[in-house]
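What the coordinates show
Below are the chains, spelled out letter by letter.
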Amino acid sequence: MTKNNIIELIDIHKSFGSKIILNNLNLKIKKGSSTVVVGGSGTGKSVMLKCILGLTNPDSGTLLYKDQELNEKSRINSKFYTKIGMLFQGSALFDSLTVWENVCFGLVQGHGMQIPEAKEISMKNLKKVGLDMNIANLSPSELSGGMQKRVALARAIAASPEIIFFDEPTTGLDPIMADVINNLIIELVSDLGATAITITHDMASARKISDTIAMLYNGSIIWQGGTNSIDTSGNDYVDQFINGRADGPIKLNIYE
Amino acid sequence: MFLVSFIGKITLNMLSETGRSAIFLFNTLSNGFTRPFYFKAVFIQIIRIGYNSLPVIGLTAFFTGGALALQIYVGSSRFNAESMVASIVALGITRELGPVIAGLMLAGRVSASIAAEIATMRVTEQIDALITLSTNPFKYLIFPRLIAAIITLPILVFIADIIGIMGGYVVGTMSLGFVSESYIQNTVNIIENKDFISGIVKAAIFGFIVAFMGCYNGYHSTGGAQGVGQATTRAVVSASIFILAANYLLTSLVFTQ
Ligand SMILES: Nc1ncnc2c1ncn2[C@@H]1O[C@H](COP(=O)(O)OP(=O)(O)OP(=O)(O)O)[C@@H](O)[C@H]1O
Ligand SMILES: [Mg+2]
């Protein structure tokens, strides 16, 4: 692999109707790295992940996975979906299945594992995200939002994927649980050698879990650099964002 | 000017909907007939679509048969042909009313619930989650529902036929004064296999329409809870219209003997 990039987004454009969401977006993700993408609400961070995952198609631009172009066909041929895990912002648990069946789902469907073995792995993963075993037989609708998020997290990591996408993993969790999840993400990257791409608004979590931070603004990545250089980026947009100031170059159209 | 652009818009809409449904059907069939097969999902849907619809189908068929007997009695007594009641009820139910009523009831009951379920899965990103977990939604969600409806509706219609004829029999013998043996004899004499078969073939096609409209409208829903509502309404309305249109076409093209 050239430059060790496992995922590359090149000149990605995406609009919904006349609304331009992603405009000339470029992003490189190093293998084994932990990248956090930050950016204002509604700037298209979730849309960017969905483009990589093939859940929505970019209008133009190129996506690369290990230097191979990613499209509908190559995702199937390279068994892309057995190598990734995705935590959806809204959890997206299957409400017709129980908690443990949700966590098992990818193991059974994607990896052809037998149910007893898959169930055992599911239980281990539920424990990892700090959930009690006695919720395993409940339906997702019987859980709190934070618990659902953690079940979804367990489902995303159950098959030990090569690349894990987290869309706001700590939103809606209490500070202690958020830190447990932070540690889990760090462990997945350092121990299992996974590559993590995380979207978060939680700057404390971003600093803790990432080695690279990228900022999405106005449809493109305006800054990408090491986490330890974020405070000295010299970029006014980044400064304003990470310090959470209302005044600065980023204007919100609150009164529109 | 306005009219022209209006007609143009409707035509374009219709064409794009037709194209989109054709692609949807192609995706369903091309994915559905490859491994792995979700037999369990088909079985669950057969129970949900078929077994759970039995009470509704039974009741509507019974009352329709009864009302049909009353109306035909009124009509036939004007020609002193009251003895025709049993035969006309039997033919009317098996050839026409059994399949149409079962189809319409299932358009209400099953199209709506399929559309609501799949639309909710769409707006809560569960369909996206399926894909990221290596599961093809056409194979896992759509195909089992189509197959289950195509298998189940003929069975339901067969049951509706029998209960509908029984409805006619009950009304005929209890309130119209027919003798039980001769009513049964008249029914048995008139009915041929092809009367049943035409209804059963129609039913399979209605089953396809019911499930397809539910799946298609649910799958393409957008925009939150409101979108789920719209998808459900559209599924029921379009399934009902297509069932009635298909019924007329089938009757006039194939089943006039
Ligand atoms: N399916 C869609 N149809 C139309 N517009 C969409 C669709 N999905 C997203 N959008 C629009 O794209 C923009 C970006 O959405 P996205 O969900 O990516 O934001 P985000 O950066 O993840 O925000 P947040 O931090 O609040 O999650 C929003 O303005 C949204 O309205
Ligand atoms: Mg988002």
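Everything discussed here concerns the structure shown above.
Residue indices begin from 1 for each chain and proceed along its sequence in written order. Think of it this way: whatever chain is written first is A, whatever ligand is written first is 1, and the rest follow in order. Totals for whole chains, interfaces and linings use every residue, but because this is a predicted model, local features are given only for residues with pLDDT of at least 70 and side-chain atom pairs only at 80 or more, for both listing and counting. Hydrogens are left out, water is left out, and the side-chain values use all remaining heavy atoms of the structure.

**Here's the deal with the overall build of chain A**
Check the secondary structure of chain A and you find eight helices and ten strands. Radius of gyration here is computed from C-alpha atoms only, and the compact-globule reference equals 2.2 Å multiplied by the residue count raised to the power 0.38. In terms of C-alpha radius of gyration, chain A reaches 18 Å, essentially the compact-globule figure of 18 Å for 256 residues. For chain A, the C-alpha atoms occupy an extent of roughly 55 × 40 × 35 Å along the three principal directions. Residue burial is assigned from relative accessible area. The probe radius is 1.4 Å, only protein chains are included, and a residue is buried under 20% of its type maximum, exposed over 50%, and partly exposed in between. A buried classification covers 52% of the 256 residues belonging to chain A. Of the contacts made within chain A by residues no fewer than 6 positions apart, 63% connect residues no fewer than 24 positions apart. Accessibility throughout is a Shrake-Rupley quantity obtained with a 1.4 Å probe, and a residue counts as covered only by protein chains that appear here. On chain A, roughly 11,800 Å² of surface is accessible, and the fraction owed to carbon and sulfur atoms is 49%. Labels follow the DSSP assignment, with helices taken as runs of H or I lasting at least four residues and strands as runs of E lasting at least two, numbered in each case from the N terminus. Between two residues, a contact is recorded if the distance between any of their heavy atoms is within 4.5 Å.

**Quick word on the interface of chain A and chain B**
Between chain A and chain B, the contact holds 19 residues from the first and 14 residues from the second. Together chain A and chain B conceal approximately 1,500 Å² of surface at their shared face, both sides included; 60% is due to carbon and sulfur atoms. Two N or O atoms form a polar contact when they lie within 3.5 Å of each other; inside protein one atom must be a possible hydrogen donor and the other a possible acceptor, and for residues adjacent in sequence the pair counts only when both atoms belong to side chains. Scanning the region where chain A abuts chain B turns up three residue pairs in polar contact (both at pLDDT 80 or more). Contributions of two or more residues to the side of chain A that touches chain B are made by helix 1 (45-53), strand 6 (84-87) and helix 3 (99-111) of chain A. With four residues, helix 3 of chain A is the single largest residue contributor to the side of chain A that touches chain B. For this classification, Asp, Glu, Lys and Arg are treated as charged, while Ala, Val, Leu, Ile, Met, Phe, Trp, Tyr, Cys and Pro are nonpolar and the rest, including Gly, are polar. When grouped by side-chain class, the residues that make up the side of chain A that touches chain B number eleven nonpolar, five polar and three charged. For any pair of parts, buried area is found by adding up, for both, the accessible area (1.4 Å probe) each one loses once the two are put together.

**Looking at the pairing of strand 2 (residues 19-30) of chain A**
Residue and element names in this part refer to chain A. Across eight bridges, strand 1 (residues 5-16) lies against strand 2 in antiparallel orientation. Bridging from a neighbouring strand, serine 15 pairs with isoleucine 20 of strand 2. Any two strands are treated as partners once DSSP identifies two or more bridges connecting them. Remark: two residues form the turn of the hairpin made by strand 1 and strand 2, two consecutive strands paired antiparallel; glycine 17 in that turn has positive phi of roughly 60°.

**Digging into the pairing of strand 1 of chain A**
Here strand 1 of chain A runs beside strand 4 (residues 60-65) of chain A; their pairing, made up of five bridges, is antiparallel. In the strand pairing of strand 4 of chain A, isoleucine 10 of chain A is matched with threonine 62 of chain A.

**Considerations on the coordination of the magnesium ion (ligand 2)**
Because no water is among the atoms considered, metal sites can look incomplete, with donors defined as N, O and S atoms within 2.8 Å of the metal, or 3.2 Å for Na, K and Ca. Bound to the magnesium ion (ligand 2) on the protein side are Ser46 of chain A (OG) and Gln89 of chain A (OE1), at distances that span 2.0 to 2.2 Å. Of this pair, serine 46 of chain A sits in helix 1 while glutamine 89 of chain A sits in the loop between strand 6 and helix 3, and the two are 43 residues apart along the sequence.

**Things to note about the pattern of salt bridges**
Should a side-chain nitrogen of Lys or Arg be within 4 Å of a carboxyl oxygen of Asp or Glu, the pair is scored as a salt bridge. Enumeration according to the criterion identifies eleven salt bridges over all chains in this entry. A salt bridge links glutamate 125 of chain B to lysine 50 of chain A; the shortest N-O distance between them is 2.4 Å. Pair noted here: glutamate 125 of chain B is in the loop between helix 4 (85-123) and helix 5 (126-132) and lysine 50 of chain A is in helix 1, and the two residues belong to different chains. Of the residues examined, lysine 50 of chain A reaches a relative accessible area of 18% and is grouped as buried. For arginine 20 of chain B, the salt bridge goes to glutamate 17 of chain B, with nearest N and O atoms at 3.2 Å. Of the two residues, arginine 20 of chain B and glutamate 17 of chain B both sit in helix 1 (residues 2-32), three residues apart, roughly one turn of that helix. A residue is classified by how much of its surface remains accessible, and arginine 20 of chain B, at 37% relative accessible area, is partly exposed. A residue is classified by how much of its surface remains accessible, and glutamate 17 of chain B, at 36% relative accessible area, is partly exposed.

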